[in-house]
Amino acid sequence: MLKEEKVINALRMGVIPEGHLQSFMVGKDKEKVALKDFMEAIATGGSQVRFLRGAYGSGKSFMLKYVESIAKSQNYIVATIPMHSGFGFSKFEDIYSSIMANLSSRVDAGGSSFEEIFDHWLRQLRRKGDMNNATQNIFRVITELNRYNSSFANVLLVYIRAKINHDFDLANTAAAWIKGDKNMSYQLKRQLQVKGSVDRENAMDIFKGFVKLIHEMGYKGIIVTFDEAELMMHQRVDIRLKAYGNIRQLMDFSGGGELNNCGFIFAGTPELFDNIEKGIPSYQALHQRIGTLLGGQHQLDNLKQPLIQLQPFTKEDYMILCDKVVEIHERLRGYKLGVQPQYMVNLVMLESNHLVGAEGLTIRIFLKKLIELLDLLIDNPELPIFKAMRNR
């Protein structure tokens, strides 16, 4: 399949292919610089928590996908956490389990699970040929992890030995414990030589140990993203405040140097940051740490602060995006559109407004509708609307 065909097919389904995200990222130059600085700080041993604030359609999800793609290409582990109304952010052990269940890395540097990522490292050690050195490396890492949590270090050692001995049942049990499985029988825990599980008391220490592990494995660090964070507002008040408390704790650990090579990004609508009753302002300890935007309606850019304001796409941004897509579509279908970009953008917006209204336009909907209209134009060039656009 041609490269152009893969891109157009993905856009037709409302998805931007991972390898092409940078090509479609327009109008966000300052934000890209801020997020580049964010990743560099993590690579040099720091830890940060950032917040993307933007109205519906401002490109929050798009920006997160962009960060995730760049991070993986630059040898970070990424955890993309799907937020939903029942997500348990009020318990850090649940956050830890969600992170471990949603890991990914470069395709050639592991895969999309803890097992794939860790087994890739073990295979690399074996390929070097010096088994004594490989064994020393493993035990050095286990010794390091003992400083964070001895149970985590012990279970990881059980996992490694089980993989070497081809005891896949034991390896799967060990991996389940490492990923935060709380429904494990006493008999299985005995096999792992541990008594407890990942819980409220030890989850943060085990997470710190895991971050240390991936750094020892040669990765620059881990970046964890949370989209649609405003869904936390709709939880019961006690659960919601505990969730805000956990975010505050992450900020304190990051600022206080207790987390290394680790970054968190939360994306949410303005309501999350402004709503006094249910939003972050209802938990002042977190609200004060995040800060507020200066400048009233004409908000000033201060991209060194935790809060980054994403501005909605402008008409000019959509025209640039349209040009990029049309160029790919022309190469694929072997034609020349012959329509000014502004006319095509106007038509896409008009059609999109019928679907979702003026306030509901997102980058995904725009791209999907643009491909739909380009396909229609190729198959029906004599339609009056298209003839009129060409003649203008």
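Here, every reference points to the structure presented above.
Anyway, here's the lowdown on the structure attached to this text. (Residues numbered from 1 in each chain as written. Predicted model: local features only at pLDDT ≥ 70, side-chain atom pairs only at ≥ 80, totals over all residues. Heavy atoms only, no water.)

## Concerning the pairing of strand β5 (residues 262-268)
Right, so step 1: Of all 7 residues in β5, 7 are buried; the element is thus mostly enclosed.
Right, so step 2: Pairing between strand β1 (residues 47-53) and β5: 7 bridges, direction parallel. Following the sheet pairing, Q48 is matched in β5 by G263.
Right, so step 3: Here 5 bridges tie strand β4 (residues 222-226) to β5, and the two strands are oriented parallel to one another. (Buried < 20%, exposed > 50% of the residue type's maximum accessible area, 1.4 Å probe, protein only. Helix = DSSP H or I, 4+ residues; strand = E, 2+ residues; numbered from the N terminus. Pairing = 2+ DSSP bridges.)

## So, the nonpolar core
Right, so step 1: Among the nonpolar cores identified, the biggest contains 77 residues, and F114 and F264 are the most heavily contacted of them.
Right, so step 2: The element best represented in this core is helix α8 (residues 150-164), accounting for 9 residues.
Right, so step 3: Once residues lying within four places of it in the same chain are set aside, the contact partners of F114 are M100, L103, L156, Y159, A175, I178, K179, F210 and L213.
Right, so step 4: One finds L21, L52, V78 and L367 within the second-largest nonpolar core, a separate group that totals 53 residues. (Core = buried A, V, L, I, M, F, W, Y, C linked by side-chain atoms within 4.5 Å. Contact = heavy atoms within 4.5 Å.)

## Quick notes on the sheet that holds β4
Strand pairs in the sheet, formed through backbone hydrogen bonds, run parallel or antiparallel to each other.
Right, so step 1: With respect to topology, 6 strands assemble into an open sheet ordered β3-β2-β4-β5-β1-β6, the strand pairing being mixed. Taken across any chain shown, the strands that pair with only one partner, and hence form the sheet edges, are β3 (103-104) and β6 (307-309).
Right, so step 2: Pairing of strand β2 (residues 77-81) with β3, which is carried by 2 bridges, proceeds in the antiparallel orientation. If you follow A79 over to β3, its bridge partner there is L103.
Right, so step 3: The strands touched by helix α3 (residues 29-43) are β1, β4, β5 and β6; relative to β5, the strand with the most contacts, the crossing angle is about 150°. (Axes fitted to C-alpha atoms, helices over the stretch in contact; angles between N-to-C directions.)

## Considering helix α12 (residues 237-255)
Right, so step 1: With 19 residues, α12 should reach 27 Å at 1.5 Å per residue; the first-to-last C-alpha distance of 27 Å fits that figure.
Right, so step 2: Listing the buried residues of α12 in full gives R240, A243, Y244, G245, N246, I247, L250, M251, F253 and S254.
Right, so step 3: Residues of α12 that are buried in the fold lie against β1, α5 (92-101), α11 (203-216), β5, α13 (270-274) and α14 (284-290).
Right, so step 4: Residue G257 follows α12 closely and has a positive phi angle near 80°. (Expected span 1.5 Å × (residues − 1).)

## Observations regarding the packing of helix α1 (residues 3-12) against helix α17 (residues 363-379)
Right, so step 1: Where α1 meets α17, the axes come as close as 8 Å, and the angle between the chain directions of the two elements is 115°. Facing α1, whose interface residues are I8, L11 and R12, α17 presents L367, K368, I371 and D375.
Right, so step 2: Along the lines of polarity and charge, the residues of the contact of α1 with α17 split into 4 nonpolar, no polar and 3 charged. (Nonpolar A, V, L, I, M, F, W, Y, C, P; charged D, E, K, R; others polar.)

## A short note on the packing of aromatic side chains
Right, so step 1: One pass over the full model with this rule turns up 14 aromatic pairs.
Right, so step 2: Each ring, one from F89 and one from F266, has its centre 5.6 Å from the other, and the planes form 70°; the classification is edge-to-face. With F89 in the loop between β2 and α5 and F266 in strand β5, this residue pair connects regions lying 177 residues apart in the sequence. F266 shares its class with F89; the two are buried.
Right, so step 3: Aromatic pair F114 and F118: ring centres 5.7 Å apart, planes at 20°, arrangement stacked. Note that F114 and F118 are positioned in helix α6 (residues 114-127) at a spacing of 4 residues, about one turn of the helix.
Right, so step 4: In this structure F114 comes out as buried when scored by relative accessible area, which is 2%.
Right, so step 5: What links up through ring pairs into an aromatic cluster is the set F51, F89, F226, F266 and F273.
Right, so step 6: A cation over a ring is seen here: K208 above F253, with NZ or CZ 4.7 Å from the ring centre. (Phe/Tyr/Trp six-rings, centres within 6.5 Å; stacked < 30°, edge-to-face > 60°. Lys NZ or Arg CZ within 6 Å of the ring centre and 35° of its normal.)

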